[in-house]
Amino acid sequence: MNMRGEAPALRILKAAGENVRRLDYAFVPRGGTRDAALQLGLSEHEIVKSLVFDDGQGGHAVMALMHGDRRVSLHKLQRLSGEPHLQPSSPEDAERLTGYRPGGICPFGLRSPLPVFVQASLLDCATLYINAGERGVIAAIRPEALRLVGAIAGDLLSDRSRR
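Worth saying up front: this structure is predicted, and the values here are computed from it rather than measured.

K.L.:
Looking at this structure, I do not really get the pattern of salt bridges. What am I missing?
P.N.:
Two side chains bearing opposite charge may form a pair once their charged atoms approach each other closely. The final tally for this structure, using the stated rule, is nine salt bridges. As a salt-bridge pair, Arg22 and Asp24 come within 3.0 Å of each other at their nearest N and O atoms. Notably, a salt bridge pairs Asp69 with Arg70, separated by 3.2 Å at the nearest N-O pair. As far as the burial class goes, Asp69 and Arg70 line up, both buried. Salt bridges here are not isolated pairs; linked through shared partners, they connect Glu18, Arg142, Glu144 and Arg147.

In structure tokens, the structure reads:
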């Protein structure tokens with residue numbers, strides 16, 4: 001078990017009265033949600049990817065929350081967010097905007113407030129497993145906890161999402 005200090009999202013969620021459980025795994029660069037799911041014995045579908053998108057000009061940015069085994073449709077995200085020119089943020093920009101290193105990015109406690117959009121079907125999961133703001137640390141939460149970040153639900157699923 002990881003004995004580091006408490007991850008930022010865990011502190012924030014507990015302070016908000018959320019029932020949250022910590023899960024630790026051995027972070028592997030480029031391992032992604034598939035690696036985390038295998039190590040933790042979870043369904044990759046219930047692991048949440050926290051993805052940052054920006055306009056490429058250093059202006060507007062948003063976060064999208066998606067099933068670990070699915071892809072975000074950029075077109076659908078642009079339509080839902082009202083931001084017509086989005087692209088995936090570089091790892092450096094994502095860290096600058098969120099305050100978290102890639103592989104540990106989560107929607108809780110962001111350095112810069114970002115609009116958060118969530119794939120609606122994530123809200124149907126009994127439990128979500130989301131990065132806790134630190135690589136190798138996952139927070140097990142109820143989907144309702146996403147209200148703390150004002151997450152806006154919608155269809156973000158790419159038609160090319162199936163593996």
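So that's the structure; there's more coming.
K.L.:
What's the story with the nonpolar core in this structure? I'm lost.
P.N.:
Of all hydrophobic cores here, the largest spans 30 residues; its most connected members are Leu13, Leu65, Phe108, Ala139 and Ile141. Secondary structure elements with two or more residues in this core: α1 (8-15), β2 (47-54), β3 (61-67), α4 (91-98), β5 (116-119), β6 (128-131) and β7 (137-141). The contact partners of Leu13, leaving out residues within four places of it in the chain, are Glu18, Val20, Phe108, Ala139, Ile141, Ala145 and Leu148.

K.L.:
What's the story with helix α3 (residues 74-81) in this structure? I'm lost.
P.N.:
Restricting attention to buried positions, one finds in α3 the residues Lys76, Leu77, Gln78 and Ser81. Buried residues in α3 make contact with β2, β3 and β5. In the segment just after α3, Gly82 is the residue with positive phi, at about 75°.

Rules and cut-offs
Residues numbered from 1 in each chain as written. Predicted model: local features only at pLDDT ≥ 70, side-chain atom pairs only at ≥ 80, totals over all residues. Heavy atoms only, no water. Salt bridge = Lys/Arg side-chain N within 4 Å of Asp/Glu carboxyl O. Buried < 20%, exposed > 50% of the residue type's maximum accessible area, 1.4 Å probe, protein only. Core = buried A, V, L, I, M, F, W, Y, C linked by side-chain atoms within 4.5 Å. Helix = DSSP H or I, 4+ residues; strand = E, 2+ residues; numbered from the N terminus. Contact = heavy atoms within 4.5 Å.

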